[in-house]
Amino acid sequence: MEQNTKMVSGPSKGLLQSEDLYQYIQETSVFPREPEFLKELRHVTASHPRAMMATSPDAGQMMVMLLNLVNAKKTIEVGVFTGYSLLLTALTIPEDGKIIAIDVNREPFEIGLPVIKKAGVADKIDFIESEALPVLDQLLQNHGNEGSFDFAFVDADKVNYWNYHERLMKLLKVGGVAVYDNTLWGGSVAMPEALVPESMKPGRQLTIELNKLLAADQRVQISHVSLGDGITICRRLY
Ligand SMILES: C[S@@+](CC[C@H](N)C(=O)[O-])C[C@H]1O[C@@H](n2cnc3c(N)ncnc32)[C@H](O)[C@@H]1O
Ligand SMILES: O=c1cc(-c2ccc(O)cc2)oc2c(O)c(O)ccc12
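Just so you know, these numbers come straight off a predicted model, no measurement behind them.

1. A short note on the environment of leucine 227
Now for step 1: Secondary-structure assignment places leucine 227 in the loop between strand E6 (220–225) and strand E7 (231–236).
Now for step 2: A relative accessible area of 18% places leucine 227 in the buried class.
Now for step 3: Between the alpha carbons of leucine 227 and leucine 16 there is a distance of 8.5 Å; along the sequence they are 211 residues apart.
Now for step 4: Every residue in contact with leucine 227, bar those within four places of it in the chain, is listed here: Asp58, Ala59 and Met62.

Given below as structure tokens:
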């Protein structure tokens, strides 16, 4: 049996009615199909003090499905950490595919990099150590980048999600997909504020505001999915 998810990728994973149900999904449908290199990266991440930040394997499986459905070749990743979502993207896009991967901190990426190299997909990745917003703005300076990306995954500073969304609406192709992580913020978005732990309040408020903006954005079709910590899938319509 696969190692307990709670130990491998952090406590209280998922927003389902019980840990057992979450475990059931992982063991029945996710772990048996998880590529070996992703498993290895997940395990090397498990001892990191911030391992709970890694994309959950069930959300990752959905991302692979979306990458395949849009035939993603050119992608953007905002928030890399040790590279779980980055590696699954690199394993999914074709040989000549490219990922622009942005993170303010290269250190955690260095933990996953040996696995990424072993998987033979490092050449598809352009890792940029930087705040993400100026990188996206720089990409937009080159008009050739407009409408050229098939897929984006955003899993970084919540305060900038709407700023990222505005840039991605120009960088993505019509029909391209952006996925935003943590859009249920541990379930706190639906809790009365008085019951929310103080440490979660700022993220909760930002997430509530983002969710309203995305729901009202006519440029995208959306699906708000209760996977991992909540993901919102946005497909650019025009
Ligand atoms: C939740 S982790 C990303 C997890 C990753 N997707 C995975 O699969 O493991 C968030 C990352 O966003 C990065 N980050 C935070 N603020 C950022 C910013 N303004 N620009 C770029 N990266 C940022 C952090 O350094 C951290 O590595
Ligand atoms: O503290 C977290 C926790 C998560 C998280 C929780 C549950 C899941 O099933 C998946 C992920 O994700 C985080 C994250 O993406 C982030 O940017 C900061 C903190 C956390």
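2. Some words on the pattern of salt bridges
Now for step 1: All told, the structure shown has 11 salt bridges when counted by the stated rule.
Now for step 2: Of the charged contacts in the structure, one is a salt bridge between aspartate 96 and lysine 73, with a shortest N-O distance of 2.9 Å. Here lysine 73 lies in the loop between helix H4 (57–69) and strand E1 (74–78) and aspartate 96 lies in the loop between helix H5 (84–92) and strand E2 (98–103), a separation of 23 residues in the sequence.
Now for step 3: Residues glutamate 166 and arginine 219 are paired through a salt bridge, measuring 2.9 Å at the closest nitrogen-oxygen approach. You can see glutamate 166 sitting in helix H8 (residues 161–171) and its partner arginine 219 sitting in the loop between helix H9 (201–216) and E6, a full 53 residues away along the chain.
Now for step 4: Of the residues examined, glutamate 166 reaches a relative accessible area of 27% and is grouped as partly exposed.
Now for step 5: A single network of salt bridges, built from pairs that share partners, joins Glu34, Lys39 and Arg42.

3. Here's the deal with H4
Now for step 1: With 13 residues, H4 should cover 18 Å at 1.5 Å per step; its first-to-last C-alpha distance of 18 Å lies within 8% of that length.
Now for step 2: Among the residues making up H4, those that are buried are Pro57, Asp58, Ala59, Gly60, Met63, Leu66 and Leu67.
Now for step 3: Looking one or two residues beyond H4, the residue adopting positive phi is asparagine 71, at roughly 50°.

4. Concerning the site of ligand 2
Now for step 1: Taken together, 12 residues are adjacent to ligand 2, and Met52, Asp155, Lys158, Asn182 and Gly228 come closest.
Now for step 2: Here aspartate 155 contributes a side-chain N or O atom positioned 2.9 Å from an oxygen atom of ligand 2.
Now for step 3: Within the side chain of asparagine 182, one N or O atom sits 2.6 Å away from an oxygen atom of ligand 2.
Now for step 4: Alone, ligand 2 offers 430 Å² of accessible surface; in the complex the protein occludes 79% of this.
Now for step 5: The residue inventory of the shell around ligand 2, partitioned by class, reads 3 nonpolar, 4 polar and 5 charged.

Procedures and definitions
Residues numbered from 1 in each chain as written. Chains lettered and ligands numbered in written order. Predicted model: local features only at pLDDT ≥ 70, side-chain atom pairs only at ≥ 80, totals over all residues. Heavy atoms only, no water. Helix = DSSP H or I, 4+ residues; strand = E, 2+ residues; numbered from the N terminus. Buried < 20%, exposed > 50% of the residue type's maximum accessible area, 1.4 Å probe, protein only. Contact = heavy atoms within 4.5 Å. Salt bridge = Lys/Arg side-chain N within 4 Å of Asp/Glu carboxyl O. Expected span 1.5 Å × (residues − 1). Near = heavy atom within 4 Å. Polar contact = N/O pair within 3.5 Å; in protein donor to acceptor, adjacent residues only side chain to side chain. Areas by Shrake-Rupley, 256 points an atom, 1.4 Å probe, with all protein chains shown as cover. Nonpolar A, V, L, I, M, F, W, Y, C, P; charged D, E, K, R; others polar.

Function cannot be read off these values alone, since they describe shape.
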